[in-house]
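Notes for the structure review
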Amino acid sequence: FPDVEQCVVISQSSTDGGETWTEDEGFRYDLNEYDECWMGVWTYFVDQEGGVALIFNNDFEVNREEVIFVRRIYSEPGDNGMNFTSTHENLLDVEHADGQQMSFADPTAIVLPDGRVRLIVMHQERGAGAPPHARTGTLYSFISEDGVEFEFENEIVDWSDFEEFEVRSLNDPAIVRFDDGTYYIYVAAMIPDEDNEESPYKYVLLSVSSS
């Protein structure tokens, strides 16, 4: 996890099944070189060779427009996630019609039974404005055969697909696979809160599923 004060990624280890944790010596990755000491929402997975891929958000100004990038750093097989190097400054290279890079936020990844990796991200419509003043947020799926190169798979769900709520945004998805082979994506949705005068909006947890 990031330590932005020291501008590094650090880690903790447990030898008793997660009951207690001890901080590891040193750091796992230096956030100085590419990331300006910042690491946004992150996810990780262990690939078929035993290496650890850490995928995270960072945002930079491109052509006077803030763009949220998906970055990838990697710890080689046998290293147990102790030393990461940068492999992709822009993992999901998808552009708007005018050539500007699209923003993809809140990555969450899962390794499928066949070894492929599915990456779920959230995209907010360009120029739509920020919630709650605008209604935006679409979840996209990208797929990878090797955990390195990802291709667009499909659009999973959009804020407008929820008719029982006035959804104004979708944020921070998390994908889970159950033993019966069903996949669930849990996502935070901003909806109106008519009973709260001080804060007229609240977040609820919604889910979509696929077998």
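Our subject is the structure listed above.
Residues numbered from 1 in each chain as written. Predicted model: local features only at pLDDT ≥ 70, side-chain atom pairs only at ≥ 80, totals over all residues. Heavy atoms only, no water.

Examining the overall build of the protein chain
Assigned secondary structure in the protein chain consists of 0 helices and 16 strands. The globule rule puts the C-alpha radius of gyration for 211 residues at 17 Å, and the 18 Å found for the protein chain is close to it. Projecting the C-alpha coordinates of the protein chain onto the three principal axes gives extents of approximately 50 × 45 × 40 Å. Contacts in the protein chain between residues far apart in sequence, at least 24 positions, make up 39% of those at least 6 positions apart. Carbon and sulfur atoms make up 44% of the accessible area of the protein chain, which totals about 12,000 Å². Both charge centroids of the protein chain, one from 11 positive and one from 45 negative side chains, sit 4 Å from each other. (Helix = DSSP H or I, 4+ residues; strand = E, 2+ residues; numbered from the N terminus. Rg over C-alpha atoms; globule rule 2.2 N^0.38 Å. Contact = heavy atoms within 4.5 Å. Areas by Shrake-Rupley, 256 points an atom, 1.4 Å probe, with all protein chains shown as cover. Lys, Arg positive; Asp, Glu negative; His and termini not counted. Charge placed at Lys NZ, Arg CZ, Asp CG, Glu CD.)

Let's talk about the packing of aromatic side chains
Enumeration over the complete set of coordinates arrives at 7 aromatic pairs. Note on F104 and F142: the rings are 5.4 Å apart at their centroids and 80° apart in plane angle, and the pair reads as edge-to-face. Highlighted residues: F104 in the loop between β9 (85–88) and β10 (105–111) and F142 in strand β12 (residues 138–144), separated in sequence by 38 residues. Accessibility classification places F104 together with F142 in one group, the buried group. (Phe/Tyr/Trp six-rings, centres within 6.5 Å; stacked < 30°, edge-to-face > 60°. Buried < 20%, exposed > 50% of the residue type's maximum accessible area, 1.4 Å probe, protein only.)

A short note on the pairing of β12
Most of β12 is tucked away: 7 of the 7 residues are buried. Going residue by residue along β12, you find T138, Y140, F142 and S144 tucked away on one face and L139, S141 and I143 tucked away on the opposite face as well. The hairpin formed by β12 and strand β13 (residues 151–158) contains 6 residues between the paired strands, and G147 there has a positive phi angle of roughly 80°. (Pairing = 2+ DSSP bridges.)

Notes on the state of the cysteines
Summed over all chains, the structure comprises 1 disulfide. Across a sulfur-sulfur distance of 1.9 Å, C7 and C37 are joined as a disulfide pair. Where C7 bonds to C37 through sulfur, the torsion about that S-S bond is close to -100°, and the disulfide is left-handed. With C7 in the loop between β1 (2–3) and β2 (8–9) and C37 in the loop between β5 (29–30) and β6 (42–46), this pair connects stretches of sequence that are 30 residues apart. C7 gets classed as buried once you look at its relative accessible area, which sits at 5%. Look at C37 and you get partly exposed, because its relative accessible area is 27%. (Disulfide = S-S within 2.5 Å.)

Some details on the sheet that holds strand β8 (residues 65–75)
Ordered by their spatial adjacency, 4 strands build an open sheet running β6-β7-β8-β9, and the pairing between neighbours is antiparallel. Each edge of the open sheet is held by one strand with a lone partner, namely β6 and β9. With strand direction ignored, the average angle separating the axes of adjacent strands in the sheet is 35°. Across 3 bridges, β8 lies against β9 in antiparallel orientation. (Axes fitted to C-alpha atoms, helices over the stretch in contact; angles between N-to-C directions.)

Brief notes about the pattern of salt bridges
Taken as a whole and judged by the stated rule, the model has 6 salt bridges. Across the salt bridge formed by R126 and D98, the nearest N and O atoms sit 3.0 Å from each other. With a gap of 28 residues between them, R126 in the loop between β11 (117–123) and β12 and D98 in the loop between β9 and β10 connect regions that are remote in the sequence. The exposure class assigned to D98 is exposed, which follows from its relative accessible area of 54%. One salt bridge connects D114 with R116, and the closest N-O pair in it is separated by 2.8 Å. You can call D114 partly exposed: its relative accessible area is 46%. (Salt bridge = Lys/Arg side-chain N within 4 Å of Asp/Glu carboxyl O.)

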